Amino acid sequence: MFLTLMALCTSSAFAQKQVSGTVVDATGEAIIGASVIVKGTSTGTVTDFDGNFTLKSVPENGSLVISYVGYRNQTVPVAGKNQVKVTLEEDRQLLDEVVVVGYGVQKKSDVTGALTRVGEKELNAKPVSNAFEALQGKAAGVDITSSERPGTVGSISIRGTRSITASSSPLYVVDGVPLQAGGIETLNPRDIESIDILKDASSTAIYGSRGANGVVLVTTKRGQEGKVQLSYSGSLTFEKIVDKSPAMNASDYITWRRWAYHNQNPAENPRGDQPSQTKDGTYFDGDATALANVMKGWAGGSWDGSKVTDTDWTDFVTQTGLTQEHTVSVRGGSKTVSGFASFGYLKNKGTQKGQDYERYNLSVAGDVQGTPWFKAGGSINASYGVQKYGFSRTGQSSSSGPTDIYSAAKAKSSVIRCLTTRTVRLSRCLVDLQQTHIL
């Protein structure tokens with residue numbers, strides 16, 4: 001009887017069966033390629049196109065471990081079962097650690113140096129005019145320069161300059177569509193869900209030679225299941241130049257010029273701190289405007305630098321910059337239909353007079369889940385902008401006209417003074433206007 005009992009126990013312990021099943025997600029859609037393994041063994045399989053699987057030689061009291069990238073693992077006992085249906089739940093935390101590289105996916109820890117991701121929270125952490133400004137300081141190995149002129153973006157280089165003469169600009173892909181020209185500066189940052197920057201061959205392989213300088217993947221916002229949400233975001237910022245380069249006032253400049261003549265010829269010219277009205281007339285001869293200003297300091301018979309008119313040319317051409325940004329969006333949908341739409345407006349007045357940028361953005365996206373295995377969607381991103389460059393030397397020769405905005409302001413004020421002086425003929429003032437490229 002003892003031998004008979006042992007035989008029955010051994011037969012029961014090694015009893016095996018065939019188990020079939022289906023693996024789906026929370027929406028009931030089949031999960032393709034999910035791993036199904038008998039717990040404690042190396043026996044396993046993967047689900048087919050319909051999420052189905054079949055496993056033979058499964059112990060009667062065994063368990064199946066089902067896993068898939070981005071979902072929580074599940075252990076399912078099969079005692080007394082030959083057919084199972086498993087619903088996997090998304091692992092939000094794990095999804096953040098998985099990134100797309102080329103033709104597949106990898107753990108973020110394995111490609112930290114090859115990929116940088118900036119999400120919606122980081123993009124909207126501060127008010128910015130374009131996506132480039134939002135990326136500054138947030139993407140390791142990505143050099144982004146900015147432009148002080150409103151509406152003009154700087155440059156972006158991934159892991160340095162790749163060529164001496166050829167372009168180092170990366171490839172921009174918006175919602176899976178490579179851009180044929182331009183970058184992402186015209187997109188409204190409020191409409192962007194995330195930006196992924198692919199930096200090496202393993203992650204850019206799918207784009208071929210176009211990804212040689214890196215790839216910037218932009219994912220814009222789309223509709224989501226739930227109640228319709230109407231949102232507004234806006235910002236108002238002020239800018240002012242505070243780190244002006246130190247400059248001499250008019251009295252300091254006159255003293256500096258006296259010392260320059262003295263150091264050039266000490267025998268003929270007095271020291272800079274011992275001014276002479278006669279010598280000042282010689283030093284500033286040829287510049288009637290400057291000489292007239294210097295003579296104001298000699299009005300009392302002795303030199304008084306406080307009487308000289310001092311002009312801050314910076315105030316002539318700078319102003320307090322004002323930027324306002326407004327975005328209105330609507331988002332919502334059901335299990336089968338979802339949509340997103342937004343309208344954005346940007347007005348950026350620069351810190352230099354004459355510089356201005358105005359932009360309008362429209363974004364519309366829609367998705368339709370026709371069947372569990374068919375999904376269709378589309379999106380439109382439209383932008384219209386008007387930019388005022390302000391001072392520019394375009395069309396001027398290098399040997400004529402003011403070379404910078406401060407010189408242009410000085411030349412313009414001189415011509416205006418000319419026009420307000422009745423003793424000078426109007427024709428002469430017009431000649432001056434043409435020579436200074438003000439007219």
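Heads up: these notes are all about the structure in this document. (Residues numbered from 1 in each chain as written. Predicted model: local features only at pLDDT ≥ 70, side-chain atom pairs only at ≥ 80, totals over all residues. Heavy atoms only, no water.)

### What about the overall build of the protein chain?
Looking only at helices and strands, the protein chain has 11 helices and 21 strands in total. Across the 439 residues that make up the protein chain, the buried fraction comes to 32%. Looking at the protein chain alone, contacts between residues at least 24 apart form 57% of all its contacts between residues at least 6 apart. (Helix = DSSP H or I, 4+ residues; strand = E, 2+ residues; numbered from the N terminus. Buried < 20%, exposed > 50% of the residue type's maximum accessible area, 1.4 Å probe, protein only. Contact = heavy atoms within 4.5 Å.)

### Quick look at the pattern of salt bridges
As enumerated under the stated definition, the model contains eight salt bridges in all. Its salt-bridge partner being Lys 17, residue Glu 60 comes within 3.5 Å of it at the nearest N-O pair. Within this pair, whereas Glu 60 is found in the loop between strand E4 (52-59) and strand E5 (63-67), its partner Lys 17 is found in strand E1 (residues 16-24), the two being separated by 43 residues in sequence. When its relative accessible area of 30% is taken as the criterion, Glu 60 is described as partly exposed. The partner of Glu 193 in a salt bridge is Arg 331, with the nearest N and O atoms 3.4 Å apart. Of the two residues, Glu 193 is situated in strand E15 (residues 192-198) and Arg 331 in strand E18 (residues 321-333); the sequence distance between them amounts to 138 residues. A relative accessible area of 18% places Arg 331 in the buried class. (Salt bridge = Lys/Arg side-chain N within 4 Å of Asp/Glu carboxyl O.)

### Focus: the environment of Asn 381
In this fold, Asn 381 is placed in strand E21 (residues 374-389). Linking Asn 381 and Thr 186, residues 195 residues apart in sequence, is a C-alpha distance of 9.3 Å. Apart from the residues lying within four places of it in its own chain, the contact partners of Asn 381 are Val 174, Asp 175, Leu 187, Thr 220, Leu 362 and Ser 363. Of note is the side chain of Asn 381, whose polar atom sits 3.0 Å from the side chain of Ser 363. (Polar contact = N/O pair within 3.5 Å; in protein donor to acceptor, adjacent residues only side chain to side chain.)

### Here's the deal with the sheet that holds strand E20 (residues 355-371)
Pairing is antiparallel in the open sheet, where five strands are placed in the order E17-E18-E19-E20-E21. In this open sheet, the two strands that pair with only one neighbour each are strand E17 (226-239) and E21. In this sheet, neighbouring strand axes are inclined to one another by 5° on average, regardless of whether the strands run parallel or antiparallel. Taken together, the 12 bridges between E17 and E18 define a ladder with antiparallel strand orientation. By the bridge assignment for E18, Tyr 232 is matched with Val 328. (Pairing = 2+ DSSP bridges. Axes fitted to C-alpha atoms, helices over the stretch in contact; angles between N-to-C directions.)

### Details of the sheet that holds E1
Across the sheet, three strands lie side by side as E4-E1-E7; this open sheet has mixed pairing. Each edge of the sheet is formed by a strand with only one pairing partner; in this case those strands are E4 and strand E7 (83-87). Across the sheet, the mean angle separating the axes of adjacent strands is 30° when strand polarity is ignored. Direction of pairing for E1 relative to E4: antiparallel, over a ladder of six bridges. Note on E4: the bridge partner recorded for Val 19 is Leu 55.

### A word on the nonpolar core
One finds Ile 184, Ile 195, Val 216 and Val 218 to be the most contacted residues of the largest nonpolar core, which totals 21 residues. Among the secondary structure elements, those contributing two or more residues to this core are helix H4 (131-135), strand E11 (142-144), strand E12 (156-158), strand E13 (171-174), E15 and strand E16 (215-220). Listed in part, the 17 residues of the second largest apolar core include Val 19, Ala 34, Val 84 and Val 86. (Core = buried A, V, L, I, M, F, W, Y, C linked by side-chain atoms within 4.5 Å.)

### Points about the environment of Gly 226
You can see Gly 226 is positioned in strand E17. Distance from Gly 226 to Gly 333, taken between C-alpha atoms, is 5.6 Å for residues 107 residues apart in sequence. If we ignore the near neighbours within four places in the chain, the residues touching Gly 226 are Gly 332 and Gly 333.

### Quick look at the packing of aromatic side chains
In this description, a pair of aromatic rings is defined by centroid distance and the angle of the planes. For the structure on display, the rule yields eight aromatic pairs. Residues Phe 343 and Tyr 360 carry aromatic rings whose centres are separated by 6.5 Å and whose planes lie at 35° to one another, so their mutual orientation is tilted. Of this pair, Phe 343 sits in strand E19 (residues 337-349) while Tyr 360 is found in strand E20, placing the two residues 17 residues apart along the sequence. Residue classification places Phe 343 among the partly exposed positions, given a relative accessible area of 44%. (Phe/Tyr/Trp six-rings, centres within 6.5 Å; stacked < 30°, edge-to-face > 60°.)

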